[in-house]
Amino acid sequence: SLAGYDSIRRIKLEVVTSNSDRSQKIAQWLQKELRVKLGADVSLQVFDYKAFRSQLDFGGFHLFDGVWGADFPLASNFLEIFTSLSGNNRTQWKNPQYDQWIQEGKIKEAQKHLIEKEIVVIPLFYEPNSVLVKSRVRGLVLNPLNYLFLGETNVQ
């Protein structure tokens, strides 16, 4: 049986989300998947963005959807936000061993612990960078951080 789950007692979960179309679609998909796969009763708590951020600070919910865009192209950029002292760690999860792994640059150990052992976060998808560029544009450089460097770009 799944932790605390059996065929008699249904899992009851609360998902906190913002009222953006994207966040609501993700939350509704999650609600459906948890109902179908686990038979869970999942309620959605939808807030405008400012109230949603406040809810994250208060805690007291089971799940929330979040996004993170890298500031620099290293895996540690995604993992450092879950350290005990990170102001971006909205999960309220703290683990001194995890913090030490991040500090020592042991990224694989930290990631395995975060995603597989304690399952603090569940990455759902990575967004691709999409751009439309006319064929006459030359020298436009695209990169994984979605920064556009237009200094060398020219139109022919």
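Data block above holds the structure.
Residues numbered from 1 in each chain as written. Predicted model: local features only at pLDDT ≥ 70, side-chain atom pairs only at ≥ 80, totals over all residues. Heavy atoms only, no water.

Undergrad: I would appreciate a short explanation of the pairing of strand E2 (residues 41-47) in the present structure.
TA: For a regular strand, the rule is simple: side chains alternate between the two faces of the sheet. Summarising the sheet, strand E1 (residues 12-18) and E2 pair through seven bridges and their orientation is parallel. Across the sheet, the residue bridging to Lys-12 is Asp-41, located in E2. On the question of chirality, the crossover connecting E1 to the parallel E2 by way of helix H1 (residues 21-38) is right-handed. (Pairing = 2+ DSSP bridges. Helix = DSSP H or I, 4+ residues; strand = E, 2+ residues; numbered from the N terminus. Right-handed = clockwise from strand over helix to strand, strands pointing away.)

Undergrad: What's the story with the packing of helix H4 (residues 96-103) against helix H5 (residues 107-117) in this structure? I'm lost.
TA: Helix-helix packing is described using two parameters, namely the angle between the two axes and the distance between the axes. Interhelical geometry of H4 versus H5 gives an angle of 150 degrees and a closest axis separation of 8 Å. By the angle between their axes, H4 is roughly antiparallel relative to H5. H5 is crossed by H4, and the crossing has left-handed handedness. The residues of H5 that touch H4, namely those facing Tyr-98, Trp-101 and Ile-102, are Ile-107, Glu-109, Ala-110, His-113 and Leu-114. (Axes fitted to C-alpha atoms, helices over the stretch in contact; angles between N-to-C directions. Parallel < 35°, antiparallel > 145°, perpendicular 65-115°, else oblique. Left-handed = near helix turned anticlockwise from the far one by under 90°. Contact = heavy atoms within 4.5 Å.)

Undergrad: In this structure, what is going on with the pattern of salt bridges? I would like to understand it.
TA: Side-chain pairs of opposite charge can arise whenever the charged atoms involved come near each other. A full pass over the atoms with the stated rule returns four salt bridges. Residues Asp-41 and Arg-10 are paired through a salt bridge, measuring 3.0 Å at the closest nitrogen-oxygen approach. Placement of the pair is Asp-41 in strand E2 and Arg-10 in the segment before E1, with a sequence separation of 31 residues. Relative accessible area serves as the criterion here: at 32%, Asp-41 is assigned to the partly exposed category. Of the charged contacts in the structure, one is a salt bridge between Lys-106 and Glu-104, with a shortest N-O distance of 3.2 Å. (Salt bridge = Lys/Arg side-chain N within 4 Å of Asp/Glu carboxyl O. Buried < 20%, exposed > 50% of the residue type's maximum accessible area, 1.4 Å probe, protein only.)

Undergrad: Would you explain the pairing of E1 in this entry?
TA: Counting buried residues along E1, five of its seven residues qualify, which places the element largely inside the surrounding structure. As defined by bridge partners, E1 adjoins strand E3 (residues 63-64) across two bridges and the pair is classed as parallel. Paired with Val-16 across the two strands is Phe-64, which belongs to E3.

Undergrad: Please clarify how the sheet that holds E1 should be interpreted in this entry.
TA: Whenever strands of a sheet pair, they do so through backbone hydrogen bonds, lying parallel or antiparallel. In space, the three strands of this open sheet follow the order E2-E1-E3, with parallel pairing throughout. With one partner strand each, in any of the chains shown, E2 and E3 form the two edges of the open sheet. Together, E1, E2 and E3 form the strand contacts of H1, whose direction differs from that of E1 by roughly 165 degrees.

Undergrad: Whenever I open this one, unusual backbone geometry confuses me. Can you help?
TA: Keep in mind that most residues, glycine aside, have a negative phi and that most peptide bonds are trans. At Gln-92, a position not held by glycine, the phi torsion is positive, near 65 degrees. Tracing the chain through its elements places Gln-92 in the loop between helix H3 (76-79) and H4. One non-glycine residue with positive phi stands out, namely Ile-119, at about 50 degrees. With respect to the helices and strands, the residue Ile-119 is situated in the loop between H5 and strand E4 (137-138). The exposure class assigned to Ile-119 is partly exposed, which follows from its relative accessible area of 47%.

Undergrad: What exactly am I supposed to notice about the nonpolar core here?
TA: For soluble globular proteins, nonpolar side chains are generally found buried alongside one another. With ten residues, the main nonpolar core is built from Leu-79, Ile-81, Phe-82, Trp-93, Tyr-98, Trp-101, Ile-102, Ala-110, Leu-114 and Val-121. Mapped by element, the contributors of at least two residues to this core are H4 and H5. Broken down by element, this core gets its largest block of residues, three residues, from H4. Not counting chain neighbours up to four residues away, the residues in contact with Trp-101 comprise Lys-106, Glu-109, Ala-110 and His-113. (Core = buried A, V, L, I, M, F, W, Y, C linked by side-chain atoms within 4.5 Å.)

All we've got here are geometric facts, nothing functional implied.
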